[in-house]
Amino acid sequence: QVHLVESGGGLVQAGGSLRLSCAASGRTIPFNTMGWFRQAPGEEREFLVSASWDGRNTYYADFVKGRFTISRDNGRNTVYLQMNTLSPEDTATYYCAASRLPGPNRVYMAEYDYWGQGTQVTVSS
């Protein structure tokens, strides 16, 4: 069984930063791609960024380029999402996901095999 656990969400003021973590445990070897998505209330879940399992190759949605950065700690099987210059529009539940498909450009939810429970990010104005 595979478990993905996000952490690091919280309340931050506009212009601030947060770093989200996604810890993977269990059978992680089959994974080739990790991704981050988010879902605001009443909205569909949207793709943010994905990376190859070794973290060397990344793919970003246009609207987060320059503000969000994905990285990986191989020793800890943990993927991070550094988010800078946050605005109230970034308020959402953030999810990490793992895919067996080769990456890094995996932008559709159906391409991912495992999902975390999500972590809430709230940006106040």
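Scroll up to find the structure this text is about.
Now for a description of the structure that goes with this document. Here the structure is a predicted model, which means the values were calculated and not measured.

**Comments concerning the pairing of strand S3 (residues 18-26)**
Pairing geometry for strand S1 (residues 2-7) and S3, over 6 bridges, is antiparallel. The partner of serine 7 across the bridge, within S3, is serine 21. When S3 meets strand S8 (residues 78-83), the two strands line up antiparallel, connected through 6 bridges. Across the sheet, the residue bridging to cysteine 22 is valine 79, located in S8.

**Comments concerning the packing of aromatic side chains**
According to the stated counting rule, one finds 7 aromatic pairs in the structure shown. Their ring planes at 75 degrees and their centres at 5.6 Å tell us that phenylalanine 37 and phenylalanine 47 sit as a pair that is edge-to-face. Remark: phenylalanine 47 occurs in strand S5 (residues 46-52) and phenylalanine 37 occurs in strand S4 (residues 33-39); sequence separation between them is 10 residues. Three or more aromatic residues joined by ring pairs make a cluster, and in this case those are Phe37, Phe47, Tyr59, Tyr112 and Trp115.

Conventions used here
Residues numbered from 1 in each chain as written. Predicted model: local features only at pLDDT ≥ 70, side-chain atom pairs only at ≥ 80, totals over all residues. Heavy atoms only, no water. Pairing = 2+ DSSP bridges. Helix = DSSP H or I, 4+ residues; strand = E, 2+ residues; numbered from the N terminus. Phe/Tyr/Trp six-rings, centres within 6.5 Å; stacked < 30°, edge-to-face > 60°.

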